[in-house]
Amino acid sequence: GVQIVLGRADLTRLLEFVIVKYTEDSVMTVDIRLDTLWRDAVINICQQLPIEALFALAQCCKRLNGICSSSELWEHFSSNRWGSRRTRPDQIEGWRGYFLRRFLFEEVWLPVPAPPGPTPIRSVHFNTKNLGDHTSTVHSLDCRGLWVVSGSGDKTVRIWDRTGKLQSLRFDSHGDAVKCVKFDRYAPVTEIAIPVPLLTASTDKTVKYWKHSSETGKFADIMNLRGHTEKVSGIDFRSSTLAVSAGWDKTVICWDLSVGKSVRKIPNAGITSFITGHNHTVVTSTRDKFVRVWDVRVKETTPSITLKGHTAPVTCHHADNFWIGPK
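Model, not experiment: these values are computed from the prediction. (Residues numbered from 1 in each chain as written. Predicted model: local features only at pLDDT ≥ 70, side-chain atom pairs only at ≥ 80, totals over all residues. Heavy atoms only, no water.)

Enquirer: Let's hear about the overall build of the protein: which residues, and what values?
Expert: When helices and strands are tallied, the protein shows six helices and 18 strands. Per-residue burial for the protein yields a buried fraction of 45% across its 327 residues. Counting every atom, the protein has about 18200 Å² of accessible surface; 51% of that belongs to carbon and sulfur. (Helix = DSSP H or I, 4+ residues; strand = E, 2+ residues; numbered from the N terminus. Buried < 20%, exposed > 50% of the residue type's maximum accessible area, 1.4 Å probe, protein only. Areas by Shrake-Rupley, 256 points an atom, 1.4 Å probe, with all protein chains shown as cover.)

Enquirer: Could you give an account of the packing of helix H2 (residues 39-46) against helix H5 (residues 71-82), with specific residues and numbers?
Expert: Between H2 and H5, whose axes approach to 10 Å, the crossing angle comes to 30°. In terms of axis orientation, H2 runs roughly parallel to H5. Crossing geometry of H2 relative to H5 is assigned as right-handed. Contacts between H2 and H5 involve Arg39, Ile43 and Cys46 from the former and Glu72, Leu73 and Phe77 from the latter. Considered class by class, the residues forming the contact of H2 with H5 number four nonpolar, no polar and two charged. (Axes fitted to C-alpha atoms, helices over the stretch in contact; angles between N-to-C directions. Parallel < 35°, antiparallel > 145°, perpendicular 65-115°, else oblique. Left-handed = near helix turned anticlockwise from the far one by under 90°. Contact = heavy atoms within 4.5 Å. Nonpolar A, V, L, I, M, F, W, Y, C, P; charged D, E, K, R; others polar.)

Enquirer: Help me get a handle on the sheet that holds strand E10 (residues 219-226), residues and values and all.
Expert: One open sheet accounts for four strands, arranged E7-E8-E9-E10; its pairing is antiparallel. Looking along the sheet, the strands with just one partner apiece sit at the ends: strand E7 (178-183) and E10. Pairs of neighbouring strands in the sheet enclose a mean axial angle of 20°, with direction left out of account. Here strand E9 (residues 206-212) runs beside E10; their pairing, made up of seven bridges, is antiparallel. Bridge pairing links Tyr209 to Met223 in E10. (Pairing = 2+ DSSP bridges.)

Enquirer: I'd like a rundown of the packing of aromatic side chains, residues and numbers included.
Expert: Evaluation of the coordinates by the stated rule reveals seven aromatic pairs. Measuring from ring centre to ring centre gives 5.4 Å for Trp74 and Phe77, while their planes differ by 65°; the resulting arrangement is edge-to-face. Remark: Phe77 and Trp74 occur in helix H5; sequence separation between them is three residues, near one turn of the helix. Like Phe77, Trp74 is buried. Geometrically, the ring pair formed by Phe77 and Phe99 is tilted, given 6.0 Å between the ring centres and 45° between the ring planes. Here Phe77 is found in helix H5, whereas its partner Phe99 is found in helix H6 (residues 94-109), with 22 residues between them in sequence. Grouping residues by exposure puts Phe77 and Phe99 together as buried. Chaining the aromatic ring pairs together yields one cluster made of Trp74, Phe77 and Phe99. (Phe/Tyr/Trp six-rings, centres within 6.5 Å; stacked < 30°, edge-to-face > 60°.)

Here is the structure:
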């Protein structure tokens, strides 16, 4: 059941659907069996709820999940928040995706104006209740929407909620230190309460693919990708169905996540510290002081571009989304 506490003004729109007895108190508690009400009544009630409560309500049953995902409900939220003058979403994104994209940008990523006076030292506090902290070195971090994922030498992967309002997650599937973690930057953020898919790489020579399972209703590793013979130090998404990994075995492996198999191996790529990918382009930073750019469409096992100049091992790089050759 869901208990809703409403003020007198909030009850006005509900009286035509629900018979409510109230006193002269300014705040009342109303117990409502939402699963027994007709659709219009439930939608009107949902329109009074905060976003966090709406996602909790959607987990109650299949009928409420469908109502909480309806376009008319999310169009109402968008209209109330940004007014009638707005860009309509495309058919793929829908009203829910449109609202969440703008909501996350405004609530999470827009900078907060600093107060007058000396610049304060800002910190982020994560909700670690019933989760605990890492007990060893944190090797990798990535963030997407409300979520931050971390990988550590304590063999665990942890997904933290930046707001402290949602349940953080902890996974212990790897047999050794987790060296790299990456969220799927191509996946749309359609559910605040569910992180987007992610990849993790470990010195146990494996890559794991994690996502929310519609069958179990849980976020868990659904693929264990094996193919490396030494520890894996770098991973990235090339698209939502393609990934790339590299490590100390001097091999770059391209993965098809739809079937969980490798589709291309590039040997003699150097001991890789960091790797990024986009479509058919892969960039590696290696311990032999080079940065290499690869075109995975060609059969040759030599890089398309080799960037030289460093005098020590290259540990990291950043690459924008670009292409080698014709698109």
